[in-house]
Amino acid sequence: MKKLLIATGGGDCPGLNAVIRGVVKRAAKEKDWEVWGSYEAFNGIMEDPVRLVRLDDKAVAGIHVQGGTIIGTTNKGNPMSFPEKQEDGSVKIINKIPWLVERFKSNGFDAVINIGGDGSQAISQALFEAGLPVVGVPKTIDNDLSSTDFTFGFQTAVQTASDAFDRLVTTANSHHRVMIMEVMGRNAGWIALYTAISGGAEICLIPEIPYDLNKVVDKIKSRYNNGRGFVNIVIAEGAKAIDGTITASKGEEGRHAVRLGGVCFTLSQQLKDAGVEADVRETVLGHTQRGGTPVAFDRVIASVFGVKAMELVLDGKFGQLVVLKNNDFSSVPIKEAISEYNYVDPNGTLVKAAKGLGISFGD
Ligand code: F6P
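By the naming in an unreviewed UniProt entry, the protein chain goes by ATP-dependent 6-phosphofructokinase and is assigned to Algoriphagus boseongensis. The protein chain has a UniProt comment under Function (unreviewed entry) that states "Catalyzes the phosphorylation of D-fructose 6-phosphate to fructose 1,6-bisphosphate by ATP, the first committing step of glycolysis." What the UniProt record of the protein chain gives under Sequence similarities (unreviewed entry) is the line "Belongs to the phosphofructokinase type A (PFKA) family. Mixed-substrate PFK group III subfamily."

Written out as structure tokens, the structure reads:
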């Protein structure tokens, strides 16, 4: 019997369970493969005793509709820079990749499927280069990987944000308010742009198009002067102002610090300071965008990714990441995939259309 290990790493994302189910169901068609899950990314295989779970047809029945991941996930315990306690009590950062490769082998594993974002795929690549047969599956609600047209989880995040937006519009309209809704996306504006088009926002602020506060204020004032006394703004957590007053995407720490304050609160204050007289209210959607059951499109992508990943294992094609490119499911070398960032709307088509719909980007 050959043994496959699956792990899910980084933030959770709607569709993770559908990938796991896809892998297990495809593997079950072969008589000589059994699938195991490592709890909380690779922590399950790194610990002593190991924390692993056998995943068969029964274990994955119906899980494709559930959010989260049945094998858990974590951002902690990166084997490339692992904090290990020394005998003298001090902590040393160790590269445990060579040790981890041996650990897989000594536990009898023949292949690994690693489901995760750019951080997790950097680990996949390091393991592959160290001799481990690995296949990667990309995961992020941010849709910021250029090697794939869509990542699973993105459509669900947009649906959640769009539903919330619809609810805010009624308050904006009834109270003649400016409503600001902040969405996730890290350094990418995909969720914000799709939500703004879907919901019919007046203003959309994304990291790829730094905004001029004066232009945002002009747009708001023109709406009130025209007698259409309400405004709905979608702002991406990574949005930037041209004068640097909002620089959310300045590295992981900067981004986190701004998120604690919430870019939408900073923008709200800026609008008041710039003389916007209408009431302004702020909403941060946060992790609601990552939770709950995946929408149908994400279930489809995730399930097919799972099947394709197992087929790459069966074909012995390692060091590959499954992707959806040009409406077809295929794979690319993990190394290529992690080095590219998917800026929103590379050809400018969507932004142009959004402007045609009257959405201002403050540029
Ligand atoms: O990358 C996915 C994502 O949800 C981003 O949109 C967001 O900035 C980040 O993860 C949040 O991470 P955490 O759950 O660690 O706060």
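Visitor: Lay out the sheet that holds strand β10 (residues 231-236) with the relevant residues and their values.
Guide: Strand order in the open sheet formed by 4 strands is β9-β10-β8-β11, and the pairing between neighbours is parallel. Of all strands in the sheet, those with a lone pairing partner are β9 (203-205) and β11 (280-284), marking the two edges. Averaged over neighbouring strand pairs, the angle between their axes works out to 15° when direction is ignored. Two strands pair when backbone bridges link them, and strand β8 (residues 178-183) and β11 are joined in this way by 5 bridges, in the parallel orientation. Directly across from Met-179, in β11, lies its bridge partner Arg-281. Here helix α5 (residues 154-175) sits on the sheet in contact with β8, β10 and β11, set at roughly 165° to β8.

Visitor: Break down the site of the ligand for me, citing the residues and quoting the values.
Guide: Taken together, Gly-11, Asn-75, Gly-117, Thr-140, Ile-141, Asp-142, Met-184, Gly-185, Arg-186, Glu-237 and Arg-290 make up the full set of residues adjacent to the ligand. Residue classes in the shell around the ligand are distributed as 2 nonpolar, 5 polar and 4 charged. Mapped onto the domain boundaries, the shell around the ligand takes at least three residues apiece from domain 1 (2-152 + 294-325) and domain 2 (155-290 + 345-356).

Visitor: Could you give an account of the pairing of strand β13 (residues 328-333), naming the residues involved and the relevant values?
Guide: Sheet analysis places strand β12 (residues 320-325) next to β13, joined by 6 bridges and oriented antiparallel. Bridging from a neighbouring strand, Leu-324 pairs with Phe-329 of β13. Linking β12 to β13, which pair antiparallel, is a turn of 2 residues; within it Asn-326 sits at a positive phi near 50°.

Visitor: Describe the sheet that holds strand β7 (residues 134-138), and please don't skip the residues or the numbers.
Guide: Within a sheet, neighbouring strands are paired by backbone hydrogen bonds and run either parallel or antiparallel to one another. Here 7 strands make up an open sheet; going across it, the order is β3-β2-β1-β6-β7-β12-β13 and the pairing mixed. In the strand order of this sheet, the two ends are held by β3 (52-55) and β13, each with one partner. The sheet shows a mean angle of 30° between the axes of neighbouring strands, direction not considered. Relative to the sheet, helix α4 (residues 118-129) contacts β6 (111-116), β7 and β12, its axis offset from that of β6 by approximately 160°.

Visitor: Give a description of the UniProt feature "binding site: Mg(2+)" (unreviewed entry) in the protein chain that names residues and reports values.
Guide: Within the UniProt annotation, "binding site: Mg(2+)" (unreviewed entry) is assigned to Asp-118. Residue position: Asp-118 is located in helix α4. The class for Asp-118 is partly exposed, based on 19 C-beta atoms found within 10 Å.

Visitor: Residue-level account of the domain arrangement of the protein chain, with values.
Guide: By the assigned domains, the protein chain splits into domain 1 (2-152 + 294-325) and domain 2 (155-290 + 345-356). Each of domain 1 and domain 2 has a C-alpha centre, and these two points are 34 Å apart. If you look at the interface, domain 1 gives 12 residues, while domain 2 gives 13 residues. Taken together, the residues that form the side of domain 1 that touches domain 2 break down as 6 nonpolar, 2 polar and 4 charged.

Visitor: Tell me about the environment of Val-19, and name the residues and values.
Guide: Within the secondary structure, Val-19 is located in helix α1 (residues 16-28). Put simply, Val-19 and Gln-86 are 67 residues apart on the chain and 38 Å apart in space, counted from C-alpha to C-alpha. If we ignore the near neighbours within four places in the chain, the residues touching Val-19 are Ile-115, Val-137, Ala-302, Phe-305 and Gly-306.

Visitor: Before we move on, could you go through the pairing of strand β4 (residues 82-85) and cite the residues and values that matter?
Guide: In the sheet, β4 pairs with strand β5 (residues 91-94) via 4 bridges, with the strands oriented antiparallel. Counterpart to Lys-85 in the pairing with β5 is Val-91. Once β4 ends, the chain turns through 5 residues before running back antiparallel as β5, passing Gly-89 with a positive phi of about 90°.

Visitor: Describe the UniProt feature "active site" (unreviewed entry) in the protein chain, and please don't skip the residues or the numbers.
Guide: In the numbering used here, UniProt assigns the "active site" (unreviewed entry) feature to Asp-142. Among the secondary structure elements, Asp-142 is positioned in the loop between β7 and α5. A tally of 27 C-beta atoms within 10 Å means that Asp-142 is categorised as buried. Those residues in contact with Asp-142, other than ones at most four positions away along the chain, are Met-184, Gly-185, Arg-186, Ala-188 and Trp-190.

Visitor: Kindly report on the nonpolar core, identifying the contributing residues and their values.
Guide: Counting residues in each nonpolar core, the largest one holds 102 residues, and the members touching the most others are Ile-6, Ile-191, Cys-204, Ile-233 and Ile-235. Non-local contacts of Ile-6, meaning those with residues more than four positions away in its chain, are made with Ile-20, Val-23, Val-35, Gly-37, Leu-55, Ile-71, Ile-113 and Ile-115.

Calculation rules
- Residues numbered from 1 in each chain as written.
- Predicted model: local features only at pLDDT ≥ 70, side-chain atom pairs only at ≥ 80, totals over all residues.
- UniProt positions renumbered as here; feature names shortened; annotations may be inferred.
- Pairing = 2+ DSSP bridges.
- Helix = DSSP H or I, 4+ residues; strand = E, 2+ residues; numbered from the N terminus.
- Axes fitted to C-alpha atoms, helices over the stretch in contact; angles between N-to-C directions.
- Contact = placed C-beta atoms within 7 Å.
- Near = placed C-beta within 6 Å.
- Nonpolar A, V, L, I, M, F, W, Y, C, P; charged D, E, K, R; others polar.
- Domains from an automatic or database assignment.
- Buried ≥ 20, exposed ≤ 12 C-beta atoms within 10 Å, placed from the backbone.
- Core = buried A, V, L, I, M, F, W, Y, C linked by C-beta atoms within 7 Å.

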